[in-house]
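# Residue-level structure breakdown
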Amino acid sequence: MVKYVYDFSEGDKEMKDLLGGKGANLAEMTKLGLPVPPGFTISTDACRAYLKKGQTPESLAPEVTQKLREVEDKIGRKLGDAEDPLLVSVRSGAKFSMPGMMETVLNVGLNDQSVHGLAKMSGNERFAWDSYRRLIQMFGKTVMDIDGDLFLNAHDALKAKRAVTADTDLNADDLRELTETFKGIYEKEIGSPFPQDPRDQLDAAIEAVFRSWNTERAVIYRRREKIPNTLGTAVNVQTMVFGNMGDTSGTGVCFTRDPSTGHAGVYGDYLMNAQGEDVVAGIRNTEPLSALETQDKKSYDELRAIMRKLETHYKDMCDIEFTIERGKLWMLQTRVGKRTAAAAFRIATQLFEERLITKDEALLRVTGAQLTQLMFPQFDSSANPPLVARGMAASPGAAVGGVVFDNAQAREFKEAGKPCILVRRETNPDDLPGMVDAEGVLTARGGKTSHAAVVARGMGKTCVCGAEALDVDAQARELRVDGRVFKTGDIIAIDGTTGEIFEGEVPVADSPVTTFLTHGLEAGLEAAQTEDMKELVKAVADLVDHADKRRRLSVRANADTPQDAERSIAFGAEGIGLTRTEHMFLGERRVLVERLILSEPGSDARQEAFDKLEELQMGDFEQMLPILGGKPMTVRLIDPPLHEFLPDLTSLEVKVAVAEAKGEECAEDKQMLAQVRKMHEANPMLGLRGVRLGIVFKGLFELQIRALVRAAARLQKEGTEAHPEIMVPLVGSIRELQLVREVAEDIIAQIEKEEGVSLNIPIGCMIELPRAAVTAEHLAEEADFFSFGTNDLTQTTWGFSRDDVEGVFFPDYIENGIFGVSPFETIDVHGVGRMVKLGVENARQTKPNMKLGVCGEHGGDPESVHFFEELGMTYVSCSPFRVPVARLEAGRAVAQKEIGRDE
């Protein structure tokens with residue numbers, strides 16, 4: 001029989017697959033001897049079984065009973081006992097942290113009888129009724145799907161009636177009245193009274209946590225964070241300890257380092273006489289953790305010692321939830337904390353400098369995605385925009401957009417291509433879709449540990465929280481502050497690094513991190529406007545430098561113009577892995593291509609067009625090659641079908657038809673229409689393009705090869721080092737490659753003789769077709785190198801036309817779990833990846849040291865870079881902006897292998 005339930009003493013932090021992150025870490029803290037309230041974890045196996053069959057496994061209830069009795073025996077109280085009740089919390093806990101996305105129910109076990117027992121046991125009647133009304137509110141909202149605003153509105157109405165503003169101003173009689181109101185709301189909405197059997201409450205709460213795995217917000221979050229839908233969540237049932245038992249009780253969330261900046265110190269929020277959701281939900285503005293020292297020094301000192309112990313044990317910044325019950329500290333949760341990109345780089349370098357982790361481990365604590373965030377522009381401090389208000393700097397970045405107040409407005413703006421800022425009094429998990437669609441998030445309430453802050457940091461979204469000067473009226477869709485009113489669509493700007501909120505557009509400037517990456521450390525430090533930013537630039541420089549030392553993969557860039565080439569080299573590219581020559585035929589040169597296509601083979605007109613294009617293309621190469629300073633430049637011969645350079649068929653047919661109707665016929669237009677019709681293809685992606693075009697359209701490849709070779713010869717004679725490489729696209733047959741290679745070698749030999757130089761120009765091909773991958777051992781006989789064009793290889797392996805499918809059914813495929821992420825973003829390891837692996841293995845059967853590269857955008861995707869490192873490829877090539885990301889990830893891939901080998 002499958003075991004579904006585990007006591008906290010039966011697990012450890014390595015069991016996240018089974019116990020979820022929260023359960024595994026509760027077990028680890030228990031193992032360390034920390035003060036953890038007793039409890040047990042229901043495994044992810046149970047959740048998956050529930051999701052598969054739509055009901056809990058039959059053996060789950062007896063297992064829960066057994067573990068519950070063990071807890072009751074430890075505590076000396078029984079669940080929901082009328083005289084001395086044990087109460088429990090029921091919380092979700094997936095393998096990967098999903099803050100606020102799934103359900104929690106506190107105070108399970110309270111009913112009309114046990115509330116009196118709790119009042120007697122605690123000596124605090126107000127606390128007992130406060131706990132009971134919270135249970136009904138959470139149970140109603142999360143378990144029974146009652147609209148949470150019904151409870152909030154009733155709560156606010158009672159405070160207004162009593163002429164008070166704070167929850168703590170309501171007395172025991174008020175809360176007893178509120179509890180009865182909540183029970184009335186529950187019965188009206190559900191059609192039956194609030195359940196009085198504590199075990200019924202527990203079972204329903206467990207099932208609600210299982211169900212919450214598939215709520216809209218949880219699915220959206222997993223899709224964004226690339227968390228598999230098949231994992232399921234664990235459920236943690238834990239003895240309740242109470243932060244709302246009076247002035248000697250409290251609850252909070254803390255971090256061993258600042259999750260926003262990475263600085264060491266005392267960071268966190270807490271509230272006295274409160275329960276956990278008050279802190280996280282931002283319902284009440286919190287106190288900074290440092291203030292606890294003056295209120296309860298004993299608990300503060302103990303908490304600080306535990307924080308140090310946990311950070312030392314996990315070797316990382318930890319996120320910790322705690323409760324103080326009448327002066328006794330309890331640890332409710334810990335996990336490796338989510339952090340901003342800036343904090344990630346600072347913390348990694350700090351932990352290395354403190355000798356807590358190795359340099360390789362520090363490298364693994366940062367990601368290419370985080371580096372990308374740091375490369376985004378920031379507000380230009382010299383602009384001096386009008387300041388509206390200040391809040392807490394919860395998640396850094398610079399965001400500008402129109403004000404929106406809910407998910408629907410945010411989606412409307414996104415679909416219209418307009419940036420927006422989601423403005424809320426405080427956010428809750430239901431606001432996730434709007435947070436995803438918005439450029440940034442602004443709240444009037446909450447601190448650095450509120451829902452908005454935690455989720456925004458995890459997503460890399462700019463966020464300012466707790467701007468108390470703001471009056472957010474979501475119903476009227478107005479944001480009011482100091483006499484100013486902002487309505488839907490009014491432009492504001494928020495700075496997640498400083499917490500400042502500005503009116504109108506604010507200009508942006510290059511990030512100092514980008515300046516460092518393109519111009520060196522000294523320039524980056526000079527561009528940094530604060531000591532904090534200088535420290536960050538140094539941290540990034542240190543880890544990027546270490547990545548460069550560790551990586552085996554070379555990193556090149558895709559560049560088609562001199563400007564692209566300059567940018568690529570500035571970002572640290574070690575050459576150009578893809579120059580798309582067809583881009584050199586656009587603009588004013590298109591008329592020459594049209595003339596080429598319309599002219600007869602062998603005619604003077606065609607030769608004239610060839611000669612002019614060759615001269616222009618040679619000029620392009622003469623500009624680009626010197627920029628590389630002797631680094632290689634791989635030039636792909638023209639790839640797309642020629643009809644792409646001609647007018648659109650439908651537009652041309654209309655033009656000719658209208659002219660005929662008016663008696664204004666144009667012979668040139670009619671000739672063009674005839675040629676366009678002749679060259680029109682039903683599926684041009686699989687038609688006359690690439691090597692097929694070069695073989696059929698005599699002279700086209702030849703002009704490009706001559707232009708490249710002549711440019712290299714002239715530069716060499718001038719003393720400029722140039723290393724071009726010729727790459728043939730869309731090859732599927734060895735004979736195709738042989739035909740092009742024979743022509744290329746003849747041209748190279750001829751120009752070498754004419755110019756009196758010796759050139760070493762490799763000739764290779766792209767692997768973009770499944771046939772090329774499975775016959776790579778034969779192609780390798782004729783190719784000096786391969787470059788895997790993973791964009792087209794993905795299309796031809798899946799049978800997709802990228803332009804046609806991405807916006808049509810990919811969202812449905814991701815929604816239904818067919819893709820976790822688009823295969824054009826991250827390499828499909830099990831399908832396309834196997835084709836690449838096969839091609840690599842086949843090629844190296846023929847030539848063990850053959851140079852093998854990747855030139856699709858997968859070359860800059862972090863996950864894909866790790867895969868290419870595993871295959872032992874020679875280089876990756878990506879867009880210039882992603883070169884630093886590829887460099888970092890290539891180093892991380894090696895470090896990951898080495899650490900895995902050591903373990």
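All of these numbers come straight from a predicted model, not from anything done at the bench.

## Topic: the packing of aromatic side chains
Considering all chains together, one arrives at 17 aromatic pairs under this definition. Between phenylalanine 800 and phenylalanine 819 the ring centres are 6.2 Å apart and the planes differ by 85°, which places this aromatic pair in the edge-to-face class. With phenylalanine 800 in the loop between α32 (790-798) and α33 (802-805) and phenylalanine 819 in the loop between α34 (810-815) and α35 (832-846), this pair connects stretches of sequence that are 19 residues apart. A relative accessible area of 7% places phenylalanine 800 in the buried class. By relative accessible area, phenylalanine 819 is classed as buried at 4%. Ring pairing ties together the aromatic residues Trp129, Tyr132, Phe139, Tyr186 and Phe194, which thus form one cluster. Taking NZ or CZ as reference, lysine 13 lies 5.9 Å from the ring centre of tyrosine 314, over its face. Over the face of the ring belonging to phenylalanine 785 we find lysine 851, whose NZ or CZ atom lies 5.5 Å from the ring centre.

## Describing the nonpolar core
If you look at the biggest cluster of nonpolar residues, it comprises 119 residues, and the most contacted ones within it are Phe345, Phe786 and Met873. With sequence-adjacent residues up to four places away left out, phenylalanine 345 is seen in contact with Val366, Thr367, Gln370, Leu371, Leu374, Leu536, Ala539, Val540, Leu543 and Leu888. By size, the runner-up hydrophobic cluster in this structure holds 55 residues, among which are Phe127, Ala128, Ile136 and Leu178.

## Some thoughts on the packing of helix α5 (residues 125-143) against helix α8 (residues 198-212)
At a minimum axis separation of 10 Å, α5 and α8 run at an interaxial angle of 45°. In terms of their interaxial angle, α5 and α8 are classed as oblique. The chirality of how α5 crosses α8 is left-handed. On α8, the residues that touch Leu135, Phe139, Thr142 and Val143 of α5 are Gln201, Ala204, Ala205, Ala208 and Arg211.

## Observations concerning helix α29 (residues 734-755)
Taking 1.5 Å per residue as the helical rise, α29 with its 22 residues ought to reach 32 Å, and the 31 Å between its terminal C-alpha atoms agrees with that figure. Of the positions making up α29, those classed as buried are Glu736, Leu737, Val740, Arg741, Ala744, Ile747, Ile748, Ile751 and Glu752. Buried residues along α29 cover an arc of 135° about the axis, so they all sit on one side. Projecting away from the buried face of α29 at angles above 90 degrees are the exposed residues Asp746 and Lys753. One side-chain oxygen of the residue at the start of α29 lies 3.1 Å from the amide nitrogen of arginine 735, identifying that residue as serine 733. Within two residues after α29, glycine 756 carries a phi angle of roughly 65°, on the positive side.

## A closer look at the sheet that holds strand β9 (residues 264-272)
Across a sheet, paired strands are connected by hydrogen bonds in the backbone, their directions being either parallel or antiparallel. Strand order in the open sheet formed by five strands is β10-β9-β8-β11-β12, and the pairing between neighbours is antiparallel. Of all the strands in the sheet, just β10 (287-288) and β12 (328-336) have a single pairing partner and so form its edges. Strand direction decides the pairing type here: strand β11 (residues 318-325) and β12, joined by eight bridges, are antiparallel. Its bridge partner lying in β12, glutamate 325 is registered against lysine 328. Where helix α12 (residues 297-314) meets the sheet, it contacts β8 (250-257), β9, β11 and β12, and its direction lies at approximately 25° from that of β12.

What counts, and where the lines are drawn
Residues numbered from 1 in each chain as written. Predicted model: local features only at pLDDT ≥ 70, side-chain atom pairs only at ≥ 80, totals over all residues. Heavy atoms only, no water. Phe/Tyr/Trp six-rings, centres within 6.5 Å; stacked < 30°, edge-to-face > 60°. Helix = DSSP H or I, 4+ residues; strand = E, 2+ residues; numbered from the N terminus. Buried < 20%, exposed > 50% of the residue type's maximum accessible area, 1.4 Å probe, protein only. Lys NZ or Arg CZ within 6 Å of the ring centre and 35° of its normal. Core = buried A, V, L, I, M, F, W, Y, C linked by side-chain atoms within 4.5 Å. Contact = heavy atoms within 4.5 Å. Axes fitted to C-alpha atoms, helices over the stretch in contact; angles between N-to-C directions. Parallel < 35°, antiparallel > 145°, perpendicular 65-115°, else oblique. Left-handed = near helix turned anticlockwise from the far one by under 90°. Expected span 1.5 Å × (residues − 1). Arc of directions from axis to C-beta. Polar contact = N/O pair within 3.5 Å; in protein donor to acceptor, adjacent residues only side chain to side chain. Pairing = 2+ DSSP bridges.

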